[in-house]
Number of protein chains: 2
Amino acid sequence: MDIRIHIKQPTLLLDKKKCISNIENMLDRAKRCNLSFRPHFKTHQSAEVAEWFRELGVNKIAVSSLKMAQYFADNKWEDITVAMPVNLREMDIVDELAGKIKLNILVESAESIHHLEAELNNKVNAYIKIDTGYHRTGIAADDTKSIQNLLDYIKASTRLEFKGFLAHSGHNYKASDAEEIHKYHKKTVLDLNELKDVFRSQFPDLEVSLGDTPACSISDEFFGIDEIRPGNFAFYDMMQFVLGSCEENEIAVAMACPIIAKHADRNEIVIYGGGVHFSKEYLEADDEGTKLFGSLVDINPDGWSPIRGGGFLASLSQEHGIIKCNEALFNEYKVGDLIGILPIHSCMTANLMGSYLTLEAETIKMMR
Amino acid sequence: MDIRIHIKQPTLLLDKKKCISNIENMLDRAKRCNLSFRPHFKTHQSAEVAEWFRELGVNKIAVSSLKMAQYFADNKWEDITVAMPVNLREMDIVDELAGKIKLNILVESAESIHHLEAELNNKVNAYIKIDTGYHRTGIAADDTKSIQNLLDYIKASTRLEFKGFLAHSGHNYKASDAEEIHKYHKKTVLDLNELKDVFRSQFPDLEVSLGDTPACSISDEFFGIDEIRPGNFAFYDMMQFVLGSCEENEIAVAMACPIIAKHADRNEIVIYGGGVHFSKEYLEADDEGTKLFGSLVDINPDGWSPIRGGGFLASLSQEHGIIKCNEALFNEYKVGDLIGILPIHSCMTANLMGSYLTLEAETIKMMR
């Protein structure tokens with residue numbers, strides 16, 4: 001079989017073997033470090049891919065919206081954490097799900113707790129979102145006064161069951177290398193342990209949940225942490241590769257795009273594949289701010305090659321992409337050929353593409 | 001009625017009156033300048049919005065993919081230009097559409113012409129794509145030798161009917177102000193007229209089609225141009241506003257997003273609404289590279305306010321956005337409220353959102 005004959009338009013290839021191997025590796029780490037494993041499904045958003053996790057023994061998951069929670073609940077997932085501060089405008093969905101599955105939500109304000117108490121019929125598990133340095137959401141880990149304040153409200157609530165503290169070290173993505181990820185991660189683990197120590201006497205069963213692919217991919221130091229929630233590791237991408245979270249051959253998705261034009265005067269190859277396929281995520285390729293929208297691979301009958309030097313995806317408009325390359329690479333390709341691109345951020349690319357094609361030519365659907 | 005009670009999740013509001021007024025204004029310009037009007041439907045991608053154009057007399061359109069051409073052909077549009085170099089891997093779709101509607105495609109290489117000739121059963125109209133300075137696709141306007149070469153192949157073809165030259169002045173988006181757009185546009189019009197003059201004796205009926213929202217929004221100088229193909233003008237957005245293509249009150253779409261957290265220590269408001277809703281398009285807000293992912297408006301019962309000063313959408317992750325603001329604005333909003341955001345690039349935002357909510361609370365579907 002030659003996978004290329006199935007590809008007419010920009011297509012997101014998924015290497016099932018690599019993906020399953022990535023899941024197995026993370027499961028091994030969780031076992032080795034005595035961690036509960038709650039993978040984040042916002043990366044793949046697919047009930048079919050979810051089954052690959054289930055077959056390996058996974059039975060609890062994180063998602064990034066209530067809509068996604070509904071989708072996976074409909075697909076028989078019964079323990080779901082919605083890893084976003086709860087949206088007060090979707091209380092009906094919270095209540096419905098809380099009556100059906102083991103639903104865990106995040107709170108970080110007194111208003112949220114009051115609303116939940118007033119509007120829910122069903123009980124729901126609540127984590128307090130903790131800010132470990134990313135400064136996107138959550139209460140600062142050392143702000144024990146505010147945390148105690150929220151806990152007092154939760155204790156008084158008849159609807160909320162306090163579950164523990166949940167953090168996402170998004171600042172690990174801003175690290176310049178693996179060493180810096182280790183440094184940030186060490187501090188996060190230390191801060192969360194101190195926090196746990198403060199509240200353990202009041203809540204002996206409190207759990208600490210931590211999630212980000214970079215630290216979960218390279219660290220074995222999770223003392224005091226109960227659960228990890230990485231997501232991107234199932235596919236990885238160029239961003240993770242550059243961070244040092246994965247090897248190049250662990251990247252489990254690649255875009256295959258038709259070449260629609262070539263311009264020899266400037267060694268540019270134009271592909272059918274733009275911002276509506278890749279998203280406009282980029283990496284800075286040098287100090288002059290050159291943007292890298294993806295790295296090149298050859299599409300072979302049964303998968304894709306290692307990254308090709310001599311060219312890169314240099315710009316994207318709505319449906320077109322421009323590859324800048326050297327003459328040798330330029331001359332290898334002709335109009336009508338396919339070229340492969342490893343995406344910068346696989347979560348965003350998958351979200352736009354809406355489905356996968358495995359190397360066995362099976363189409364895998366996503367939530368829509 | 002209060003539109004806000006219908007909004008639970010990030011929602012793309014569409015002000016139908018503003019949109020129709022934008023269409024009427026562009027139609028007026030086309031009439032005034034004696035131009036055929038072929039709006040680009042990649043912005044809205046909706047059969048329902050398309051009917052607003054049809055009611056105003058529009059009967060020919062441009063699209064950015066064959067898939068989009070199929071969608072609009074299924075919705076009774078019978079004269080469609082696919083404004084991308086033809087994809088040789090979709091010859092079956094080209095042939096099918098060419099047998100059904102008046103299909104116009106773009107060619108810019110001999111290979112494409114040979115493939116079309118060999119693989120099509122039906123006749124198709126072909127434009128040669130001309131590069132007027134954007135340097136994305138097309139043959140340089142002054143490269144009459146290459147153009148003659150392609151024309152010789154087209155003349156010899158039994159499947160291709162030469163229609164004319166088609167250009168997209170994408171470089172107008174890189175202009176620093178309206179004056180620079182006028183300057184670029186003047187040169188484009190001049191170059192296309194010279195080109196037309198060279199080939200008019202061979203092809204007395206050749207047409208020149210030009211399309212980009214900035215120039216079509218501000219210029220009345222289209223001497224020698226036969227057709228315009230702007231798209232974004234139906235909605236406009238912050239990018240067009242900053243370029244000077246539109247007034248702020250002509251922007252016909254706004255995102256309405258629930259507030260899910262507030263952080264008083266840093267005057268940040270967290271919204272439910274991220275890269276999977278807005279796209280990651282941004283404008284540079286200052287010389288230090290501060291990124292603007294959207295401008296703030298209040299969501300009112302019947303629409304939205306003018307842009308609010310004192311804050312902006314400063315960062316986006318997958319499902320969250322962070323608004324940085326001053327204390328006064330910070331204090332106006334509470335968790336659970338809606339806040340409005342004028343998008344940077346409405347085409348990308350609409351593509352991600354997949355549907356619109358009108359101010360009359362009607363849901364409008366898009367191609368999926």
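Because the structure is a prediction, the values reported are computed rather than measured.

1. Overview of the overall build of chain A
- Looking only at helices and strands, chain A features 12 helices and 22 strands.
- Scaling as 2.2 N^0.38, a compact globule of 368 residues should have a C-alpha radius of gyration of about 21 Å, and chain A matches this with 22 Å.
- Counting only C-alpha atoms and orienting by the principal axes, one finds that chain A spans roughly 70 × 40 × 35 Å.
- With 368 residues in all, chain A has 62% of them scored as buried.
- Nonlocal contacts in chain A, meaning residues at least 24 apart in sequence, comprise 65% of its contacts between residues at least 6 apart.
- As displayed, chain A has an accessible area near 13900 Å², and 46% of this comes from carbon and sulfur atoms.
- Here chain A carries 40 positive and 55 negative side-chain charges, and the mean point of each set is 3 Å from the other.

2. Remarks on the domain arrangement of chain A
- Domain annotation for chain A reports domain 1 (3-11 + 247-365) and domain 2 (78-230).
- Look at where the C-alpha atoms of domain 1 of chain A and domain 2 of chain A centre, and you get two points 37 Å apart.

3. Things to note about empty space enclosed by the protein
- Throughout the structure, instances matching the rule amount to 6 cavities of 30 Å³ or more.
- In this structure, the largest cavity occupies an estimated 80 Å³ of space.
- Surrounding the largest cavity, S64(A), S65(A), L66(A), V82(A), M84(A), P85(A), V86(A), N87(A), E90(A), I105(A) and Y272(B) form its lining.
- If you tally residues by element for the lining of the largest cavity, the top one is strand β4 (residues 79-85) of chain A, at 3 residues.
- The residue makeup of the lining of the largest cavity, split by class, is 7 nonpolar, 3 polar and 1 charged.

4. A word on the relation of the copies chain A and chain B
- When chain A is fitted onto chain B, the two copies agree to an RMSD of 0.0 Å after a turn of 180° and an axial shift of 0.0 Å. Overall, the copies show the geometry of a two-fold rotation axis. Among all C-alpha atoms of chain A, that of K280(A) lies closest to the rotation axis, at 2.9 Å.
- An overlap of 100% is found between the interface residues of chain A and their copies at the interface of chain B, pointing to a shared contact surface.

5. Focus: the UniProt feature "domain: D-serine dehydratase-like" (unreviewed entry) in chain A
- Annotation from UniProt places "domain: D-serine dehydratase-like" (unreviewed entry) at residues 252-360 of chain A.
- With 17% helix and 46% strand, residues 252-360 of chain A has its two end C-alpha atoms placed 14 Å apart.

6. Topic: the packing of aromatic side chains
- The tally for this structure, following the rule as stated, stands at 23 aromatic pairs over all chains.
- Where F41(B) meets F72(B), the ring centres are 5.2 Å apart and the plane angle is 65°; that geometry is what we call edge-to-face. Highlighted residues: F41(B) in the loop between β2 (36-37) and α2 (47-55) and F72(B) in helix α3 (residues 66-74), separated in sequence by 31 residues. One exposure class covers both F41(B) and F72(B), and it is buried.
- An aromatic cluster is defined as three or more aromatic residues linked by ring pairs; in this entry it consists of F37(A), F41(A), F53(A), Y71(A), F72(A), W77(A) and F233(A).
- One residue, R54(B), lies across the ring of W77(B), its end atom 4.1 Å from the ring centre.
- Directly above the aromatic system of F330(B) lies the positively charged group of K262(B), at a separation of 4.1 Å from the ring centroid.

7. Notes on the interface of chain A and chain B
- Taken together, the contact between chain A and chain B spans 57 residues of the former and 57 residues of the latter.
- By the criterion of area lost to chain B, the three top residues of chain A are R89(A), R136(A) and Q318(A), representing 16% of everything that side buries.
- Among the ionic pairs, D131(B) bridges to R266(A), the shortest N-O distance being 4.0 Å.
- For the side of chain A that touches chain B, the class distribution of residues is 22 nonpolar, 16 polar and 19 charged.

8. Side note on helix α7 (residues 178-199) of chain B
- Helix length check: α7(B), at 22 residues, gives a terminal C-alpha distance of 32 Å against a target of 32 Å (1.5 Å per residue), a fit within 8%.
- Close packing links the buried residues of α7(B) with β6 (124-131), α6 (144-156), β8 (160-167), β9 (207-210), α8 (213-218) and α9 (238-243) of chain B.

9. Notes on helix α5 (residues 110-119) of chain A
All names here are of chain A.
- When α5 is considered as a whole, its buried residues turn out to be S112, I113 and L116. Viewed end-on, α5 has its buried residues packed into an arc of 100°, placing them on one side of the element.
- In this fold, the buried residues of α5 make contact with α4 (91-98), β5 (102-107), α6 (144-156) and β8 (160-167).

Criteria and cut-off values
Residues numbered from 1 in each chain as written. Chains lettered and ligands numbered in written order. Predicted model: local features only at pLDDT ≥ 70, side-chain atom pairs only at ≥ 80, totals over all residues. Heavy atoms only, no water. Helix = DSSP H or I, 4+ residues; strand = E, 2+ residues; numbered from the N terminus. Rg over C-alpha atoms; globule rule 2.2 N^0.38 Å. Buried < 20%, exposed > 50% of the residue type's maximum accessible area, 1.4 Å probe, protein only. Contact = heavy atoms within 4.5 Å. Areas by Shrake-Rupley, 256 points an atom, 1.4 Å probe, with all protein chains shown as cover. Lys, Arg positive; Asp, Glu negative; His and termini not counted. Charge placed at Lys NZ, Arg CZ, Asp CG, Glu CD. Domains from an automatic or database assignment. 1 Å grid on protein atoms, 1.4 Å probe; cavity = no way out; pocket = protein on both sides within 12 Å on 5 of 7 lines; lining within 4 Å. Points joined across faces, edges and corners; volume = space filled by probe spheres on them. Nonpolar A, V, L, I, M, F, W, Y, C, P; charged D, E, K, R; others polar. Least-squares fit on C-alpha atoms with pLDDT ≥ 70 in both. UniProt positions renumbered as here; feature names shortened; annotations may be inferred. Phe/Tyr/Trp six-rings, centres within 6.5 Å; stacked < 30°, edge-to-face > 60°. Lys NZ or Arg CZ within 6 Å of the ring centre and 35° of its normal. Buried area = accessible area lost by both parts, 1.4 Å probe. Salt bridge = Lys/Arg side-chain N within 4 Å of Asp/Glu carboxyl O. Expected span 1.5 Å × (residues − 1). Arc of directions from axis to C-beta.

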